[in-house]
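Structural overview
This is what each chain is made of:
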Amino acid sequence: MGSIRDVLTLPLAAYLWRRIRQLGVQSVMGVPGDMNLELLDYIDQVDGLSWVGNANELNAAYAADGYSRVKGCPGVLVTTMGVGELSALNGVAGAYTENVKLIHIVGTTGMRAQKSRAMIHHCLGPNPDHRVYSAISDSVRTAHCWLDDVNTAPGEIDRVLRECYLHSLPVYIFVPMDFVHVPIPAALIEEPVDLKPKTDYEACISAINAVIEMIEASSVPSIIVDALVHRFGASDVLNQLLDQLEIPTFTTPMGKSIVSENKPYFYGVYNGQVSLPGIAKAIETNSDLVIDVGFIHSDSNTGGHSRNFSSQARSILVAADYVQVGHARYDNVYLVEFLTGLSETLSTYPLTRLPGQRRAFTIPNPPIPTDVTAKHITQSWIWKRIGAMAGPGDIIIGESGTAQFGFSDAMFKPGVQYITQIYFGSIGYSVPACFGAAVAQLESEAWADAQALNDRARRGRTILVVGDGSLQLTVQEIGTMVKKGLRNVIIMVINNNGYTIERAIHGPEQGYNDIATWNHQLLLSAFGAKDGEVNSRVVDTKEAFEEAISSQEYTDLNSIQLLEVIMDKMDVPWRLQAQIDLINERNAKIKKQSQKTCR
């Protein structure tokens, strides 16, 4: 006879939510729908887990993305089949492109309706295939499962969650309505999901030895730190390793804020030929070894693919799941395990060649902007000033557009986190991502401790920088910030009268780069904020900007604030213009060569 423990059960939905809570998730994004309502009922039954809810499914996906980047665990969103899951697809695609952990849970029709191909609302046409939407999301996920078999469902949940961590990519879990309440053995929840990759330790040791040998032989090595370091949870061990190596270190635009920028070995942002003077030369010409860690070689992350250190013989690539040293590649060597092993090895066997025995880089000071004396707010000034404004614990979220190119010139203090979506580059991302990031920030131990001590100086702020054009795509999530009662958010709206980045690329005066004119000073009030107009300001000079950000309302943040920053519609960051010029020059050469070939 079995024990009482053997016969105890819990509903499948309860198992799912308890598993998700075990990952560190505390807030669930999404939109309710008739096919997920009973699934949502189980959220409140899990201690420490709560439903947030968003204005729409696209915003929910963006918010889950921002939550994941700050929290380190997956962001979770729930939608309903078809209309809901398709609305979220663009946000999930961005997370997939930028290696952000996401769990998209979709409530679907019941199994009887699926098998009979019943014409149920949210389906497509006559004789509908109820699972057709699953195929649509196939390219933006690393794994999925259907919870349609009581015997395999718990194991399928565990498998998919593991894949989410293993690849740091979105996963989908489809839950038919008639499987929400089915009982499964309660004992299954007691065994945690194995989230660690299966590293080839012999290959890892060989890779570590090969890397140390290359570094020892190098006179002028350099390190480039990129976004996958953050996505795979390797930031802490990497910074520890950098302190051990003291090798000249650079980040990419996507890797910015991973490295402590006050370190003597930090030299700035490397973005190919779209870098400050001296940086590209230091890496591409002066370095005899380049270590590229956690790389994402997208166009805007490499200066329009303008990097120029292609020799494998003098490079080390540290990817998510392999290390390549020169021409030798070591597979199944994972980022955290490799960096940890390298750090531990160097602790026991330090490098024989000390940093002082290597040649140092000489990077010239950045050029002084030609408009440095301007009293109005300029692109050459604003990004550095926002960077200087942010303190430890603050999160800065930059929208796709001028902000992404401008923030590379900012200097962030240790403990500042920078979030932006450079590779996928979907305008409208930043507003919901700000909401998700702010929720995650409020859940952090540091914020809770500061709150308990009434130490507002230590409470992190979430500082959103969004253009007036991008804002119009997802502005509804400001209403969710107000509904949630967020007090840690500053919204900076860059009002430059339309799509400035598109004007710079093409069509500066074309109507398609214009937008509707909004009164941004009424937004907080329109979305229900008490004292919304009092907490909204507009500035058009550097002096007025300084006065605003130095006020007690901003330094001792106790309610959501909106700051509208007026800027010239054709003023762009120098990096943006440099990349446009580089691409235009390259395209002109291709066109000229093509014309010669056709003659």
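Note that the structure is predicted; figures quoted are calculated from it, not measured. (Residues numbered from 1 in each chain as written. Predicted model: local features only at pLDDT ≥ 70, side-chain atom pairs only at ≥ 80, totals over all residues. Heavy atoms only, no water.)

With that settled, consider the overall build of the protein. Helix and strand content of the protein: 25 helices and 21 strands. A compact globule built from 599 residues would reach a C-alpha radius of gyration of about 25 Å, and the protein, at 25 Å, matches this within 12%. Structurally, the protein occupies a C-alpha span of about 75 × 70 × 60 Å along its principal axes. Taking all 599 residues of the protein together, the buried fraction comes to 57%. Across the protein, the fraction of contacts at a sequence separation of at least 24, relative to all contacts at a separation of at least 6, is 76%. Of the accessible surface of the protein, which amounts to about 25,000 Å², a share of 53% is contributed by carbon and sulfur atoms. When the 49 positive and 64 negative side-chain charges of the protein are each reduced to one mean point, those points stand 4 Å apart. (Helix = DSSP H or I, 4+ residues; strand = E, 2+ residues; numbered from the N terminus. Rg over C-alpha atoms; globule rule 2.2 N^0.38 Å. Buried < 20%, exposed > 50% of the residue type's maximum accessible area, 1.4 Å probe, protein only. Contact = heavy atoms within 4.5 Å. Areas by Shrake-Rupley, 256 points an atom, 1.4 Å probe, with all protein chains shown as cover. Lys, Arg positive; Asp, Glu negative; His and termini not counted. Charge placed at Lys NZ, Arg CZ, Asp CG, Glu CD.)

Phi at Asn127 takes a positive value of approximately 50 degrees, unusual for a residue other than glycine. Position of Asn127 relative to the elements: it lies in the loop between helix H7 (111–116) and helix H8 (132–136). The phi dihedral of Asn332 is positive, around 55 degrees, even though this residue is not glycine.

The buried fraction of strand S4 (residues 75–80) is high, at six of six residues. Both faces of S4 are covered, namely the face carrying Gly75, Leu77 and Thr79 and the face carrying Val76, Val78 and Thr80. Of the strand pairs in this sheet, strand S2 (residues 27–30) and S4 are connected by two bridges, and their pairing is parallel. From the neighbouring strand, Gly30 faces S4, where its bridge partner is Val78. Of the pairings in the sheet, the one linking S4 to strand S5 (residues 102–108) comprises six bridges and is parallel in character. Within S5, the position partnered with Val78 by the bridge is Ile105. (Pairing = 2+ DSSP bridges.)

Pairing is parallel across the open sheet formed by six strands, whose spatial order is S3-S2-S4-S5-S7-S6. If you trace the sheet from one side to the other, it starts and ends with strand S3 (50–51) and strand S6 (143–146), each paired once. Sitting on the sheet, helix H9 (residues 153–167) touches S5, S6 and strand S7 (171–176), and the angle it makes with S6 is about 165 degrees. (Axes fitted to C-alpha atoms, helices over the stretch in contact; angles between N-to-C directions.)

So, about the side chain of Asn271. Assignment of secondary structure puts Asn271 in the loop between strand S11 (266–269) and helix H13 (279–286). Once residues lying within four places of it in the same chain are set aside, the contact partners of Asn271 are Pro253, Ser300, Asn301, Thr302, Gly303, Ser306, Arg575 and Gln579.

Consider a sheet: its strands pair through backbone hydrogen bonds, and that pairing is either parallel or antiparallel. Spatially, S11-S10-S9-S12-S13-S14-S15 is the arrangement adopted by the seven strands of the open sheet, whose pairing is mixed. Taken across any chain shown, the strands that pair with only one partner, and hence form the sheet edges, are S11 and strand S15 (328–331). In this sheet, adjacent strand axes meet at a mean angle of 15 degrees when their direction is disregarded. Here three bridges tie strand S9 (residues 221–225) to strand S10 (residues 249–251), and the two strands are oriented parallel to one another. Across the sheet, residue Ile223 finds its bridge partner in S10, namely Thr249. Along the sheet, helix H12 (residues 235–245) makes contact with S9, S10 and strand S12 (289–293), crossing S9 at roughly 165 degrees.

In total, this model carries eleven aromatic pairs according to the counting rule given. Both rings, one in Trp383 and one in Phe407, keep their centres 5.0 Å apart while their planes meet at 65 degrees; by these two values the pair is edge-to-face. Of this pair, Trp383 sits in helix H15 (residues 379–389) while Phe407 sits in the loop between helix H16 (402–406) and strand S17 (417–420), placing them 24 residues apart in sequence. You can call Trp383 buried: its relative accessible area is 2%. Directly above the ring of Tyr172 sits Arg141, whose terminal nitrogen or CZ lies 5.8 Å from the centroid. Between Lys256 and the ring centre of Phe412, over which it is positioned, the NZ or CZ distance is 4.7 Å. (Phe/Tyr/Trp six-rings, centres within 6.5 Å; stacked < 30°, edge-to-face > 60°. Lys NZ or Arg CZ within 6 Å of the ring centre and 35° of its normal.)

With respect to burial, helix H20 (residues 477–484) is a largely interior element, six of its eight residues being buried. The complete set of buried residues in H20 reads Glu477, Ile478, Gly479, Thr480, Met481 and Val482. Here the buried face of H20 lies against helix H4 (57–71), helix H17 (430–443), helix H19 (468–474), strand S19 (489–495) and helix H22 (523–526). A positive backbone phi angle near 75 degrees is found at Gly485, which sits one or two residues after H20.

The sites that UniProt annotates as "domain: Thiamine pyrophosphate enzyme N-terminal TPP-binding" (unreviewed entry) are residues 13–119. The distance from the first to the last C-alpha atom of residues 13–119 is 26 Å, and the span holds 46% helix and 18% strand. (UniProt positions renumbered as here; feature names shortened; annotations may be inferred.)

This paragraph deals with the side chain of Thr108. Considering the arrangement of structural elements, one finds Thr108 in strand S5. In terms of polar contacts, Thr108 uses its side chain to reach the side chain of Gln114, at 3.3 Å. Dropping the residues within four chain positions of it, Thr108 is found in contact with Met35, Met81, Gln114, Trp146, Phe174, Val175, Pro176 and Met177. (Polar contact = N/O pair within 3.5 Å; in protein donor to acceptor, adjacent residues only side chain to side chain.)

Another point: the packing of helix H2 (residues 12–22) against H9. Where H2 contacts H9, the two axes come as close as 10 Å, and the packing angle between them is 20 degrees. Classified by the angle between their axes, H2 and H9 sit roughly parallel to one another. Handedness of the crossing formed by H2 with H9: right-handed. Residues Leu12, Tyr15, Leu16 and Arg19 of H2 pack against Ala153, Pro154, Ile157, Asp158 and Leu161 of H9. Its residues assigned to classes, the contact of H2 with H9 shows seven nonpolar, no polar and two charged. (Parallel < 35°, antiparallel > 145°, perpendicular 65-115°, else oblique. Left-handed = near helix turned anticlockwise from the far one by under 90°. Nonpolar A, V, L, I, M, F, W, Y, C, P; charged D, E, K, R; others polar.)

The next subject is the pattern of salt bridges. Applying the stated criterion to the full structure yields 20 salt bridges. For the salt bridge of Asp331 with Arg329, the shortest nitrogen-to-oxygen distance reads 2.7 Å. Judged by relative accessible area, Asp331 falls into the partly exposed class, the value being 38%. Here the salt bridges do not stand alone but share partners, grouping Asp65, Arg69, Glu98 and Arg231 into one network. (Salt bridge = Lys/Arg side-chain N within 4 Å of Asp/Glu carboxyl O.)

Right, let's get into the nonpolar core. Counting 94 residues, the largest nonpolar core has Trp17, Ile103, Ile105, Ile173 and Ile491 as its most contacted members. In terms of residue count, the dominant contributor to this core is H17 (eight residues). Setting aside its immediate chain neighbours within four residues, Ile105 contacts Leu16, Trp17, Ile20, Leu39, Val76, Leu77, Val78, Thr79, Ile173 and Val175. (Core = buried A, V, L, I, M, F, W, Y, C linked by side-chain atoms within 4.5 Å.)

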